[in-house]
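Each chain, written out:
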Amino acid sequence: MSRIGNAPINVPAGVTVEAKDNIITVKGPKGTLTQAYDPIITVNVEGSLVTLTRANELGTTKAKHGLYRALCANMVKGVTEGFKKNLIVNGVGWKVAKQGKKVVMNVGFSHPVEIEEIEGIVLDCPSQTEIAVSGIDKEKVGQFAAMIRGVREPEPYHGYGIRYSDEVIERKVGKAAGGKS
């Protein structure tokens, strides 16, 4: 039994959910999101509740049941609150700055790295060592934040790199000083 799939989704006021032709469309104050789903799953919209049911009890069907319920819940949350990922830049002399629709990062390379906003993603730099990635699509926000983190992944010896604000980097001990005695 999929516990996640069986949980109903509460739709707040100002948000409309529509399921037609195996596509869920969620409209809200922040925008519109759509998601295709497998016809083995049935989406029922009744007032302010959305429930998903499955056609059979196969393992793959149960997995899809939970998946599409989670995707639908994330769409509802996205069009009402939005999603945000914070990144921290850690390194001597490393800094980031927003210039128009792009973020310019000086992260230890011989050249600055420029990253432009894409549709549906908003970049912000609250300080010289922080980047905030926000948007209504959870998948896009996570993927874009991972792409920024990939510019300089955190390294375990000195702690330099771009990391998520809630990420803990396990530090390693370097080579032991000294030699043979």
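Keep in mind it's a predicted model, so treat the numbers as computed, not measured.

Reading the values: the criteria
- Residues numbered from 1 in each chain as written.
- Predicted model: local features only at pLDDT ≥ 70, side-chain atom pairs only at ≥ 80, totals over all residues.
- Heavy atoms only, no water.
- Core = buried A, V, L, I, M, F, W, Y, C linked by side-chain atoms within 4.5 Å.
- Buried < 20%, exposed > 50% of the residue type's maximum accessible area, 1.4 Å probe, protein only.
- Helix = DSSP H or I, 4+ residues; strand = E, 2+ residues; numbered from the N terminus.
- Contact = heavy atoms within 4.5 Å.
- Expected span 1.5 Å × (residues − 1).
- Pairing = 2+ DSSP bridges.
- Axes fitted to C-alpha atoms, helices over the stretch in contact; angles between N-to-C directions.
- Salt bridge = Lys/Arg side-chain N within 4 Å of Asp/Glu carboxyl O.

## Here's the deal with the nonpolar core
Leu87, Met105, Leu123, Ile131, Val133 and Ile148 are the most contacted members of the largest nonpolar core, which has 21 residues in total. Only strand 7 (83-90), strand 9 (102-106), strand 10 (113-116), strand 11 (121-124), strand 12 (130-135), helix 3 (138-149) and strand 13 (161-164) provide two or more residues apiece to this core. With four residues, helix 3 is the single largest residue contributor to this core. Discounting chain neighbours no more than four positions away, the residues touching Ile131 are Lys85, Asn86, Leu87, Val89, Val96, Val103, Met105, Asp124 and Ile148. Counting residues in hydrophobic clusters, the runner-up holds 19 residues, among them Val15, Tyr37, Val43 and Met75.

## Here's the deal with helix 2 (residues 59-80)
Over its 22 residues, helix 2 runs 32 Å from end to end, which matches the ideal 32 Å to within 8%, given 1.5 Å per residue. Here helix 2 has its buried residues at Thr61, His65, Gly66, Tyr68, Arg69, Cys72, Ala73, Met75, Val76, Gly78 and Val79. Gly82, located one to two residues past helix 2, shows a positive phi value of around 90 degrees.

## What to know about the sheet that holds strand 3 (residues 23-28)
Within the open sheet, the three strands sit side by side as 2-3-4. Their pairing is antiparallel. Edge positions in the sheet fall to strand 2 (16-20) and strand 4 (31-36), since each of these pairs with one other strand and no more. Direction aside, the axes of adjacent strands within the sheet are offset by 15 degrees on average.

## Some thoughts on the pattern of salt bridges
In the structure shown here, the tally under the stated rule is seven salt bridges. One salt-bridge network, in which partners are shared between bridges, spans Arg54, Glu57 and Lys62.

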